[in-house]
Amino acid sequence: MTSIRLYPVSNHSWNCTMKTDTNQMKDFYDANGYLTAIDVLDGKELFKAQKEHGKLEEKFGKEYAQYNLHNIHMQYEWVMNLATHPNLLRAITAVLGPNVILLDSRFICKYPASEVPHKEDTAPYVAWHQDIKYWGFEGGPVASVWLAFDDVDAENGVLQIIPGSHSKGILEHKTAEIPGNMLTANQEIPKNLVNAEDSVECPLKAGQMSVHDGLTVHASEPNMSNRRRCGFVIRYVPTTAYPVKDPERPRTFPATVLVAGSDEYKHFKDHAPNFFTKAL
């Protein structure tokens, strides 16, 4: 049994705290496009991960560490261990099925302005978007995980999602109007296509994770607190997914790893580092 708490801020009838098995997780995920507050790391595991991440902050600097620690699961065993943690994969296989590929990973940190000053007085934020829009593959969904290294709430830029928005397909994306968007392509769904009044927040305690479908519309506000908001973002796809050549979605996949089950399709190369042994 996996512990999951659901914290919508609107008037949805599914505002609850619950114990749920994997079938319940999938039912809720299929209907709403996300899960939140799933317990992953215990206190000892969290302390170790925070300590190792702190070494990377010291080595590369906080400005670099905001967004540029990309696919380092290929280099650091402790990072791969996070991406394949049993509690995490239990949720991922519940929503994607037993055969799963780790597609990509990145640490994202929003630091207080006192630690990393905002460039041109522009606070970093993430505009309303869908992950799958620029990901360059078809044949299956993508599940995006945020594994929290810090407590996350409205003050430091909590994830906001629109339940059920994954059922509407890929929406139009344009260039963001407000400076400071952290998305690589500076993309944004036009405001007239976003029902922001239906959004819910996904607060997390450090060591917990949220997961949302690649079509789920989501965003996060700037961190205006005096606390860091740091998390490990990991994307997973079922083995049925395959890369496509699309000028709007030019993409390479140099860090894909089969992390659960078997892969009869071989659409993505298994780049598993030699320190990794698949457990599922």
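Here the structure is a predicted model, which means the values were calculated and not measured.

### Side note on the environment of Leu-88
Examined against the element boundaries, Leu-88 turns out to sit in helix H5 (residues 86-96). The exposure class assigned to Leu-88 is buried, which follows from its relative accessible area of 0%. The spacing of Leu-88 and Gln-24 is 64 residues in sequence and 16 Å in space, taken between C-alpha atoms. Beyond its immediate sequence surroundings of up to four residues, Leu-88 is in contact with Val-40, Leu-82, Ala-83, Val-145, Met-209, Ile-234 and Tyr-236.

### Observations regarding the state of the cysteines
Disulfides are covalent bonds that link the sulfur atoms of two cysteine residues. Under the criterion given, the structure shown has 1 disulfide. Disulfide pairing places Cys-109 opposite Cys-230 at an S-S distance of 2.1 Å. Of the two residues, Cys-109 is situated in strand S5 (residues 100-110) and Cys-230 in strand S15 (residues 229-238); the sequence distance between them amounts to 121 residues.

### So, the pairing of strand S8 (residues 143-148)
Burial analysis of S8 places 6 of its 6 residues in the buried class, which makes it a mostly covered element. What you see with S8 is no split at all: Ala-143, Val-145 and Leu-147 on one side and Ser-144, Trp-146 and Ala-148 on the other are buried throughout. Pairing of S8 with S15, which is carried by 6 bridges, proceeds in the antiparallel orientation. Counted as the bridge partner of Trp-146 is Val-233 from S15.

### Some thoughts on the pattern of salt bridges
Should their charged atoms come close, side chains of opposite charge can pair. In total, this model carries 11 salt bridges according to the counting rule given. Here Asp-150 makes a salt bridge to Arg-228, at a shortest N to O gap of 2.7 Å. Taken together, the residues Asp-150 in the loop between S8 and strand S9 (159-161) and Arg-228 in the loop between strand S14 (218-220) and S15 connect sequence positions 78 residues apart. With relative accessibility at 14%, the residue Asp-150 sits in the buried group. According to the relative accessible area criterion, Arg-228 is buried, its value standing at 18%. Among the ionic pairs, Asp-153 bridges to Arg-227, the shortest N-O distance being 2.8 Å. Of this pair, Asp-153 sits in the loop between S8 and S9 while Arg-227 sits in the loop between S14 and S15, placing them 74 residues apart in sequence.

### Considerations on the nonpolar core
In terms of nonpolar packing, the biggest core is built from 49 residues, with Leu-88, Ile-92, Val-145, Phe-232 and Tyr-236 touching the most fellow members. If you tally residues by element for this core, the top one is H5, at 6 residues. Apart from residues lying up to four places away in sequence, Phe-232 is in contact with Val-79, Leu-82, Ala-83, Ser-105, Arg-106, Phe-107, Val-145, Trp-146, Leu-147 and Phe-149. Ranked by size, the runner-up nonpolar core spans 12 residues in total, among them Phe-137, Val-142, Leu-258 and Phe-268.

### What about the packing of helix H1 (residues 22-32) against H5?
Running from N to C, H1 and H5 cross one another at 60 degrees; their axes reach a closest spacing of 8 Å. Taken together, H1 and H5 sit at an angle that is classed as oblique. Where H1 crosses over H5, the handedness of that crossing is right-handed. Where H1 abuts H5, its residues Thr-22, Met-25, Lys-26 and Tyr-29 lie against Arg-90, Ala-91, Ala-94 and Val-95. Its residues assigned to classes, the contact of H1 with H5 shows 5 nonpolar, 1 polar and 2 charged.

### Focus: the packing of aromatic side chains
A full pass over the atoms with the stated rule returns 6 aromatic pairs. The interplanar angle of 40 degrees and the centroid separation of 6.0 Å between the aromatic rings of Trp-78 and Phe-107 together place this pair among those described as tilted. One end of the pair, Trp-78, is in helix H4 (residues 77-83); the other, Phe-107, is in strand S5, and 29 residues separate them in sequence. Each member of the pair, Trp-78 as well as Phe-107, is classed as buried. Taken together, a centroid distance of 5.2 Å and an interplanar angle of 85 degrees make the contact between Phe-253 and Phe-268 edge-to-face. A residue pair is termed long-range when its members are at least 10 positions apart, and Phe-253 in the loop between strand S16 (242-243) and strand S17 (257-260) and Phe-268 in the segment after S17 qualify at 15 residues. Taken together, the ring pairs in this structure connect Trp-78, Phe-107, Phe-149 and Phe-232 into an aromatic cluster. A cation over a ring is seen here: Arg-106 above Tyr-67, with NZ or CZ 4.1 Å from the ring centre. Its guanidinium or amino end placed over the ring of Trp-135, Arg-251 lies 3.7 Å from that ring's centre, counting from NZ or CZ.

What counts and what doesn't
- Residues numbered from 1 in each chain as written.
- Predicted model: local features only at pLDDT ≥ 70, side-chain atom pairs only at ≥ 80, totals over all residues.
- Heavy atoms only, no water.
- Helix = DSSP H or I, 4+ residues; strand = E, 2+ residues; numbered from the N terminus.
- Buried < 20%, exposed > 50% of the residue type's maximum accessible area, 1.4 Å probe, protein only.
- Contact = heavy atoms within 4.5 Å.
- Disulfide = S-S within 2.5 Å.
- Pairing = 2+ DSSP bridges.
- Salt bridge = Lys/Arg side-chain N within 4 Å of Asp/Glu carboxyl O.
- Core = buried A, V, L, I, M, F, W, Y, C linked by side-chain atoms within 4.5 Å.
- Axes fitted to C-alpha atoms, helices over the stretch in contact; angles between N-to-C directions.
- Parallel < 35°, antiparallel > 145°, perpendicular 65-115°, else oblique.
- Left-handed = near helix turned anticlockwise from the far one by under 90°.
- Nonpolar A, V, L, I, M, F, W, Y, C, P; charged D, E, K, R; others polar.
- Phe/Tyr/Trp six-rings, centres within 6.5 Å; stacked < 30°, edge-to-face > 60°.
- Lys NZ or Arg CZ within 6 Å of the ring centre and 35° of its normal.

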